[in-house]
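# Coordinates in review
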Amino acid sequence: MGFLDALLGRSRPVKPDLDQLFGLPSAAITLQAAIGFTPTGAGSVCFASIEGGAFAQVQQDVWALLDADPERSGTPVEFSRDDYGYSWLLSRRGPDDLPALVNDLHAVNTALQDSGFGPQLLCSLVAFHDAELRPLALVYLYKRGTFYPFAPQPGEKRDNPLELQVKTIVKDDVRIEQDLTRWFPLWGAPGL
């Protein structure tokens, strides 16, 4: 960072570190032991909508990559678009197979990044629930290289005390986003 950047308060963006996703299995064990939240087996990748042949090819490549896994049953990945115009790729695995789900999310992010679509990547999430089926997600912010908890409630409300509790619980397992204004709600996210 240059002197003028420091003087004007500018900072360089954090380089995405997709390997941070591999901390999720450890965070899942910690969450289950501490407050009883377990993985649902669903995970999503969100990116700004992309049109054209190049992205259609990447989409087919991702589909083929995830479909090639002999352990997978059912649809390898589901593509959808939300009300805000963002695209989502949803992967499902067994609730006890979080490492494979994390590999799926890593593969999707890497395929998009390596194909030149990294700037369009927004976030990835892994869904959890407790015995009362309360939803929770650990969300990875691609452009920040950090995670935050998102605990939606009916009526587009959030369980802020639970989110802050989860932040404290998993802080040793994953890099937590310290700027709470970046803890964006993901209403209607696939898999959550």
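Below: a short report on this structure. In this text, all values refer to a predicted model and were calculated from it rather than measured experimentally. (Residues numbered from 1 in each chain as written. Predicted model: local features only at pLDDT ≥ 70, side-chain atom pairs only at ≥ 80, totals over all residues. Heavy atoms only, no water.)

### Quick look at the sheet that holds strand E6 (residues 146-150)
Read across the open sheet, the 6 strands follow the order E2-E3-E1-E4-E5-E6; overall the sheet is antiparallel. Two strands in the sheet have a free side with no partner beyond their single neighbour: strand E2 (78-81) and E6. Between one strand axis and the next, the sheet turns through 25 degrees on average, direction left out of account. Relative to strand E5 (residues 135-141), strand E4 (residues 121-129) is paired through 7 bridges, and the arrangement is antiparallel. When the bridges of E5 are listed, Leu-125 appears paired with Val-139. Packing against the sheet, helix H2 (residues 24-35) makes contact with strand E1 (38-48), E4, E5 and E6, and its axis sits at approximately 150 degrees to E5. (Pairing = 2+ DSSP bridges. Helix = DSSP H or I, 4+ residues; strand = E, 2+ residues; numbered from the N terminus. Axes fitted to C-alpha atoms, helices over the stretch in contact; angles between N-to-C directions. Contact = heavy atoms within 4.5 Å.)

### Focus on the packing of helix H3 (residues 53-67) against helix H4 (residues 98-117)
The interhelical angle for the contact between H3 and H4, taken along N-to-C directions, is 155 degrees, at an axis separation of 10 Å. The orientation of H3 with respect to H4, classified from their angle, is roughly antiparallel. Between H3 and H4 lies a crossing of right-handed hand. On the side of H3, the interface is formed by Ala-54, Phe-55, Val-58, Val-62, Leu-65 and Leu-66, while H4 contributes Asp-104, Ala-107, Val-108, Ala-111, Leu-112, Ser-115 and Phe-117. (Parallel < 35°, antiparallel > 145°, perpendicular 65-115°, else oblique. Left-handed = near helix turned anticlockwise from the far one by under 90°.)

### Concerning the pattern of salt bridges
Where charged atoms from two side chains of opposite charge come close, those side chains can pair. In total, this model carries 9 salt bridges according to the counting rule given. Of the charged contacts in the structure, one is a salt bridge between Glu-78 and Arg-92, with a shortest N-O distance of 4.0 Å. Linking Glu-78 in strand E2 with Arg-92 in strand E3 (residues 86-92), this pair joins segments that are 14 residues apart in sequence. Exposure remark for Glu-78: the relative accessible area of 38% places this residue in the partly exposed category. Owing to a relative accessible area of 45%, Arg-92 belongs among the partly exposed residues under this scheme. Ionic pairing is found between Arg-93 and Asp-104, a salt bridge with its closest N-O pair at 2.9 Å. Highlighted residues: Arg-93 in the loop between E3 and H4 and Asp-104 in helix H4, separated in sequence by 11 residues. (Salt bridge = Lys/Arg side-chain N within 4 Å of Asp/Glu carboxyl O. Buried < 20%, exposed > 50% of the residue type's maximum accessible area, 1.4 Å probe, protein only.)

### Some thoughts on the environment of Lys-167
Tracing the backbone through its elements, the reader meets Lys-167 in helix H5 (residues 160-170). Classification of Lys-167 as partly exposed rests on a relative accessible area of 22%. Along the backbone, Lys-167 and Leu-138 are 29 residues apart, and their C-alpha atoms lie at a distance of 9.5 Å. Discounting residues that sit within four places of it in the chain, Lys-167 has contacts with Pro-149, Ile-176, Gln-178 and Trp-183.

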